[in-house]
Amino acid sequence: MSIVKHLYGLVFLMISSQALAAVEPGELPPSFLGNTPDGKPVELSQRKGKVVVATFWASWCGPCLQEMKVLEGIQRQVGKDQLEIVAINFHEPPRRYRAIVRKLKDFQVTFTHDAHGAISDRYGVKALPNMFIVNKNGLVVEHHLGYNPDGTGELVDELNKLMSDPAPKT
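Draft legend 1. Spatial organisation of the state of the cysteines. Throughout the structure, instances matching the rule amount to one disulfide. Two residues, C61 and C64, share a disulfide whose sulfurs are 2.3 Å apart. As the torsion about the S-S bond is roughly 75°, the C61-C64 disulfide counts as right-handed. Overall, the relative accessible area of 0% leaves C61 in the buried class.

Draft legend 2. Here's a closer look at the packing of aromatic side chains. By the definition in use, this model includes five aromatic pairs. An aromatic cluster is present here, built from F56, Y123 and F132 joined pairwise through their rings.

Draft legend 3. View of the sheet that holds strand β10 (residues 140–145). If you walk across this open sheet you meet the five strands as β7-β6-β5-β9-β10, and the pairing is mixed. A single partner strand is all that each edge strand has here, and the edge strands are β7 (110–114) and β10. Across the sheet, the mean angle from the axis of one strand to that of its neighbour is 20°, orientation sign disregarded. Relative to β10, strand β9 (residues 130–134) is paired through five bridges, and the arrangement is antiparallel. Within β10, the position partnered with N130 by the bridge is L145. Helix-sheet contacts for helix α4 (residues 152–164) involve β5 (51–57), β6 (83–90), β9 and β10, and the interaxial angle to β9 is about 25°.

Draft legend 4. Geometry of the nonpolar core. Ranked by size, the top nonpolar core spans 41 residues in total, and within it F111, Y123 and L159 carry the most contacts. For this core, the secondary-structure elements that each account for two or more residues are β5, α1 (62–78), β6, α2 (94–103), α3 (118–123), β9 and α4.

Draft legend 5. Here's a closer look at unusual backbone geometry. Residues L128 and P129 are joined by a peptide bond in cis, for which omega reads -15°. When you line up the elements, P129 lands in the loop between β8 (127–128) and β9. The phi torsion at H91 lies on the positive side, around 60°, for a residue other than glycine. With respect to the secondary-structure elements, H91 resides in the loop between β6 and α2.

Draft legend 6. Inspection of the layout of surface pockets at higher detail. Considering only enclosed or pocket space, the largest pocket measures out at about 270 Å³ in volume. Taken together, 13 residues form the lining of the largest pocket, with H144, N148, G151, T152 and L155 sitting closest to its centre. Contributing elements (two or more residues each) for the lining of the largest pocket: α1, β10 and α4. Its residues assigned to classes, the lining of the largest pocket comprises five nonpolar, five polar and three charged.

Draft legend 7. View of the pattern of salt bridges. Taken as a whole and judged by the stated rule, the model has seven salt bridges. A salt bridge links R96 to E92; the shortest N-O distance between them is 3.8 Å. What makes R96 partly exposed here is its relative accessible area of 37%. Take E92: its relative accessible area is 4%, and that puts it in the buried class. Between D106 and K105 there is a salt bridge, with the nearest N and O atoms lying 3.9 Å from each other. A single salt-bridge network, built from bridges that share partners, covers R47, K50 and E84.

Draft legend 8. Just the side chain of R47, in detail. Here R47 is to be found in the loop between β4 (41–43) and β5. Taking the relative accessible area as the measure of exposure, R47 reaches 13% and is therefore buried.

Draft legend 9. Spatial organisation of the pairing of strand β3 (residues 32–35). Both β3 and β4 contribute to a ladder of two bridges, which runs antiparallel. Residue pairing in the sheet places F32 in a bridge with E43 of β4. A loop of five residues connects β3 with β4, the two strands running antiparallel in sequence, and G39 in this loop sits at a positive phi of about 90°.

What counts, and where the lines are drawn
Residues numbered from 1 in each chain as written. Predicted model: local features only at pLDDT ≥ 70, side-chain atom pairs only at ≥ 80, totals over all residues. Heavy atoms only, no water. Disulfide = S-S within 2.5 Å. Buried < 20%, exposed > 50% of the residue type's maximum accessible area, 1.4 Å probe, protein only. Phe/Tyr/Trp six-rings, centres within 6.5 Å; stacked < 30°, edge-to-face > 60°. Pairing = 2+ DSSP bridges. Helix = DSSP H or I, 4+ residues; strand = E, 2+ residues; numbered from the N terminus. Axes fitted to C-alpha atoms, helices over the stretch in contact; angles between N-to-C directions. Contact = heavy atoms within 4.5 Å. Core = buried A, V, L, I, M, F, W, Y, C linked by side-chain atoms within 4.5 Å. 1 Å grid on protein atoms, 1.4 Å probe; cavity = no way out; pocket = protein on both sides within 12 Å on 5 of 7 lines; lining within 4 Å. Points joined across faces, edges and corners; volume = space filled by probe spheres on them. Nonpolar A, V, L, I, M, F, W, Y, C, P; charged D, E, K, R; others polar. Salt bridge = Lys/Arg side-chain N within 4 Å of Asp/Glu carboxyl O.

See the structure below:
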């Protein structure tokens, strides 16, 4: 059973101790990030050469929704040639997920669904929001837990630096 706690503006979701440890910077993360609402698989391995932000969120998580607005603004400004933001919905029933995606239909981020927690378990996600930043070579370079509205400038600087790095040699 999960317990939701609010602590210093972060929303923590305590789940079973069977979850794996979080993917850490320097590691190659699991490639599969779920399917889009129209059923297309989203794989990190198909996105080498661009920076990917994989963020786990839920519609009931206020900080997640605040973060989502910031990430949407970044995605809209940069486009998907250099950066792709993948918003992985965490443990919500399919009907609820479809309803929220319909409300956010104009968003340019890529939405996927993790209804049963298989993706979040592989990433070791135990709290929301939970963001992994993947460089052009496909390695995790940053792992951010929670949402800090004062950290938007740092996030933008971080993403700009990663996007300016040379693309991997194939």
